[in-house]
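Fold and geometry: a report
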Amino acid sequence: MPADLDQVFKAYDVRGLYPEQLDEDLARRIGRAFIALTGAGTLAIGQDMRPSSGPMAEALAEGATSQGADVIRVGLCSTDMVYYVSGALDVAAIMLTASHNPSQYNGLKFCRPGAVPVGEESGLLDLKRMVAEGEPAGDAPSRGQVRDGEDLLARYAEHVRGFVDVDSLRPLKVVADAGNGMAGHVVPEIFGGLPFRLTPMYFELDGTFPNHPADPINPENLKDLRERVLSDGADVGLAFDGDADRVFLVDEKGGIVQSSLVCALVARTMCEREPGATILYNLIVSRIVPETIREAGGRPVRTRVGHSFIKAVMAETGAIFGGEHSGHYYFRDNYRADSGLIAGLVVLEVLSRAGRPLSEVLEPYRRYADSGEINRRVEGTDPKAVIEKVAEHYKPEARDWTDGLTIDTPDWWFNLRPSNTEPLLRLNVEAETEPEMARVRDEVLEMVDGEPA
């Protein structure tokens, strides 16, 4: 093995430095093991624009076909397009991408037929063990066949457009920043035929990310988009991460829109379409989300952070929509998979109907002050021990251990939870006022006593 598997097998995917930690040989072994694990007769393989993704996809296909599985080479695509292919064709799928990570990284995201996710608790640990032990030992009696996916991008684009009433759309000025990632490949196909006046930014596919990191959750990486929205007098800006499954918005004033506000706006729209619908939200989005769901006549259901948890609860409850603070938005009619592009189109439809600027449309949702996600590095210390120390500062009845530690009071709440992949603690605070939020934030950070990350 080229590296310790503990370094690359994460909670939701496989990810690491290429080729030091993750190379074609490991991809080939993973392909063999994944077919043996799932029993899949067909595997769809998609890839992003990183220089290493093509060779990795080829090796992955070799491993899968050696076990008798047929392979559909989807080619260049976004991660949510791979989920669509898995759902629409009812096949297992793997996406070669490291999402927002720098160019020297690559990775694999997995799902079973029907876009059912594979995470640490749903097969990824078994896959890791099989790869480590060299399973399966031999090849199948006959090798599977490889074929290219035909018209999948066009079918996917039609599916995404199906989430909005195209006739209600008006010619909004939209600036889209692809960050040289896969949005540059899929957005033109999706927006084709729609009335939007699209200004593309960094649509050239380039896995070296020459303009800025494809990580729009970092406000620094939204600087170019904000300036372009203002200079063009655009109605809205859309920023996508490297594999284009997440979207972040900028309003007509160049202001960054919190993902919780997008969650609330889309949730209200979904409740209007399906009265009484169940809507999911993870436990660190703003209180405005469950409040909005109730006001719209829906049923809010709180979940842990992470796509595998949300998709599982969505399957259990039949929820129509789910949202996370991180720019992931899940739709029941998208095979319960997340799609930033669908969420973005829904917002554009709302904006078209409203006939008002995005900042005004969102104003009723701006009820609280929040800290954003703050990361503190606690190397050399057990993160769980730090969280328990913080918990002791608050009454036992106020403690919620659903995902890390949540302390919830009438005037404020915070969540402190460990990273799944690094020695980090992640803190989110929200309060009725900015001074109260700052007080709680500083109180908790003083107890954590870690280095900024």
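Before any of the text, the structure's been laid out above.
How each quantity is defined
Residues numbered from 1 in each chain as written. Predicted model: local features only at pLDDT ≥ 70, side-chain atom pairs only at ≥ 80, totals over all residues. Heavy atoms only, no water. Helix = DSSP H or I, 4+ residues; strand = E, 2+ residues; numbered from the N terminus. Buried < 20%, exposed > 50% of the residue type's maximum accessible area, 1.4 Å probe, protein only. Contact = heavy atoms within 4.5 Å. Pairing = 2+ DSSP bridges. Axes fitted to C-alpha atoms, helices over the stretch in contact; angles between N-to-C directions. Left-handed = near helix turned anticlockwise from the far one by under 90°. Nonpolar A, V, L, I, M, F, W, Y, C, P; charged D, E, K, R; others polar. Expected span 1.5 Å × (residues − 1). Phe/Tyr/Trp six-rings, centres within 6.5 Å; stacked < 30°, edge-to-face > 60°.

1. Remarks on the overall build of the protein
Within the protein one finds 14 helices and 23 strands. Expressed along its principal axes, the backbone C-alpha trace of the protein runs to roughly 65 × 55 × 45 Å. Within the protein, buried positions represent 58% of all 453 residues. In the protein, the share of contacts with a sequence separation of at least 24, taken over all contacts with a separation of at least 6, comes to 69%.

2. Quick word on the pairing of strand β11 (residues 247-250)
What you see with β11 is no split at all: Val 247 and Leu 249 on one side and Phe 248 and Val 250 on the other are buried throughout. With four bridges joining them, strand β10 (residues 236-240) and β11 adopt antiparallel strand pairing. Within β11, the residue paired with Phe 240 across the bridge is Val 247. The antiparallel hairpin formed by β10 and β11 contains six residues in its connecting segment, where Ala 244 sits at a positive phi of about 65°.

3. What to know about the environment of Ala 239
Among the structural elements, Ala 239 can be located in strand β10. Exposure remark for Ala 239: the relative accessible area of 2% places this residue in the buried category. C-alpha separation for the pair Ala 239 and Ala 178, spaced 61 residues apart in sequence, amounts to 6.3 Å.

4. Structural notes on the packing of helix α1 (residues 24-38) against helix α2 (residues 53-66)
Where α1 contacts α2, the axes come no closer than 7 Å and their chain directions differ by 35°. The two elements α1 and α2 meet at a crossing, and its hand is right-handed. Where α1 abuts α2, its residues Glu 24, Ala 27, Arg 28, Ile 30, Gly 31, Arg 32 and Ile 35 lie against Pro 55, Met 56, Ala 59, Leu 60, Glu 62, Gly 63, Ala 64 and Ser 66. Looking at the contact of α1 with α2 residue by residue, the classes come out as eight nonpolar, three polar and four charged.

5. Regarding α2
Compared with the 20 Å implied by 1.5 Å per residue over 14 residues, the 20 Å span of α2 between its first and last C-alpha is a close match. In terms of burial, α2 is largely enclosed, as ten of its 14 residues are buried. All of the buried residues in α2 are Ser 53, Met 56, Ala 57, Ala 59, Leu 60, Ala 61, Gly 63, Ala 64, Thr 65 and Ser 66. Against the buried residues of α2 lie α1, β2 (42-47), β3 (70-76), β4 (92-96), β5 (105-112) and β7 (146-148). Two residues or fewer past α2, Gly 68 is found with a positive phi of approximately 90°.

6. What about the packing of aromatic side chains?
Going through the model one piece at a time under the given rule, you end up with ten aromatic pairs. Relative to Phe 110, the ring of Phe 34 lies with its centre 5.3 Å away and its plane at 40°, an arrangement referred to as tilted. Here the residue Phe 34 occupies a position in helix α1, and Phe 110 occupies one in strand β5, the gap between them amounting to 76 residues. Across this residue pair, the class does not change: Phe 34 and Phe 110 are buried. Ring geometry for Phe 191 and Phe 196: centres 5.6 Å apart, planes at 50°, overall tilted. Of the two residues, Phe 191 and Phe 196, both sit in the buried class. In this structure an aromatic cluster arises from ring pairing among Phe 163, Phe 321, Tyr 329 and Phe 331.

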